[in-house]
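Spelled out, the chains give:
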Amino acid sequence: MAHVITEPCIGTKDTACVEVCPVDCIHPTKKEGDHGAQQQLYIDPDTCIDCGLCVDECPVQAIFPQDDVPAEWRKYIQINIDYFKSKG
Ligand code: SF4
Ligand code: SF4
């Protein structure tokens, strides 16, 4: 299981969540080359330890535990996975 970043991050993308993640699994950070090109940030499901610290940090409530992602945003579970797959 992992946490998932969903639609409200698009257009906000303030990286507040990045600062609190103890395992640095939220990308791309502002230091990464594709930060500008990506609409939102993503959580690496293979690294996330489900600590939940990022949830309250997000000003637009974009982050949910995988099982609690609202129905209309379920596609973001795969979107988060696909970002890290594309990184190899
Ligand atoms: S739940 Fe914890 S480990 Fe997972 S992305 Fe959020 S802060 Fe990082
Ligand atoms: S805190 Fe929320 S809006 Fe900001 S980058 Fe993280 S998920 Fe996106």
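Here is what the cut-offs are and how they apply
- Residues numbered from 1 in each chain as written.
- Chains lettered and ligands numbered in written order.
- Predicted model: local features only at pLDDT ≥ 70, side-chain atom pairs only at ≥ 80, totals over all residues.
- Heavy atoms only, no water.
- Helix = DSSP H or I, 4+ residues; strand = E, 2+ residues; numbered from the N terminus.
- Buried < 20%, exposed > 50% of the residue type's maximum accessible area, 1.4 Å probe, protein only.
- Lys, Arg positive; Asp, Glu negative; His and termini not counted.
- Salt bridge = Lys/Arg side-chain N within 4 Å of Asp/Glu carboxyl O.
- Polar contact = N/O pair within 3.5 Å; in protein donor to acceptor, adjacent residues only side chain to side chain.
- Contact = heavy atoms within 4.5 Å.
- Near = heavy atom within 4 Å.
- Nonpolar A, V, L, I, M, F, W, Y, C, P; charged D, E, K, R; others polar.
- Core = buried A, V, L, I, M, F, W, Y, C linked by side-chain atoms within 4.5 Å.
- Phe/Tyr/Trp six-rings, centres within 6.5 Å; stacked < 30°, edge-to-face > 60°.

1. A closer look at the side chain of Lys13
- Relative to the elements of secondary structure, Lys13 occurs in the loop between strand S1 (3-5) and helix H1 (16-20).
- One buried charge, Lys13, has no salt-bridge partner; the nearest side chain with opposite charge is Asp34, at 8.8 Å.
- Here the side chain of Lys13 touches His35 through a polar contact of 2.6 Å, landing on its backbone oxygen.
- Within the structure, Lys13 has its side chain in polar contact with the backbone oxygen of Gln38 (distance 2.8 Å).
- For Lys13, the residues in contact, after removing those within four places along its chain, are His35, Gly36, Gln38, Gln39, Gln40 and Leu41.

2. Observations concerning the pattern of salt bridges
- All chains considered together, the criterion is met by one salt bridge.
- For Asp34, the salt bridge is made with Lys87, and the minimal N-O distance between the two is 3.0 Å. Pair noted here: Asp34 is in the loop between strand S2 (26-27) and strand S3 (42-43) and Lys87 is in the segment after helix H3 (75-86), with a separation of 53 residues, a long-range link.
- A residue is classified by how much of its surface remains accessible, and Asp34, at 18% relative accessible area, is buried.
- Taking the relative accessible area as the measure of exposure, Lys87 reaches 48% and is therefore partly exposed.

3. Things to note about the site of ligand 2
- Around ligand 2, 13 residues are found, and the nearest of them are Cys9, Asp14, Thr15, Cys17 and Cys58.
- Classifying every residue of the shell around ligand 2 by side-chain character gives nine nonpolar, two polar and two charged.

4. A short note on the nonpolar core
- Counting 15 residues, the largest nonpolar core has Ile5, Cys17, Ile26, Leu41, Ile43 and Ile63 as the members making the most contacts within it.
- The contact partners of Ile5, leaving out residues within four places of it in the chain, are Ile26, Gln40, Leu41, Tyr42, Ile43, Ala62, Ile63, Tyr76 and Asn80.
- If you look at the next biggest cluster of nonpolar residues, it comprises six residues, including Val4, Phe64, Trp73 and Tyr76.

5. Some remarks on the environment of Phe84
- In this structure, Phe84 sits in helix H3.
- Ignoring anything within four residues of it in the chain, the contact list for Phe84 reads Cys25, His27, Tyr42, Ile43, Asp44 and Pro45.

6. As for the packing of aromatic side chains
- Under the counting rule described, the total for this entry stands at three aromatic pairs.
- A centroid spacing of 5.0 Å and a plane angle of 85° characterise the contact between Tyr83 and Phe84, whose relative ring orientation is edge-to-face.
- For Phe84, a relative accessible area of 15% corresponds to the buried category.

7. Let's talk about the site of ligand 1
- Surrounding ligand 1, one finds 13 residues, the nearest of these being Cys21, Cys48, Cys51, Gly52 and Cys54.
- The residue makeup of the shell around ligand 1, split by class, is 10 nonpolar, two polar and one charged.

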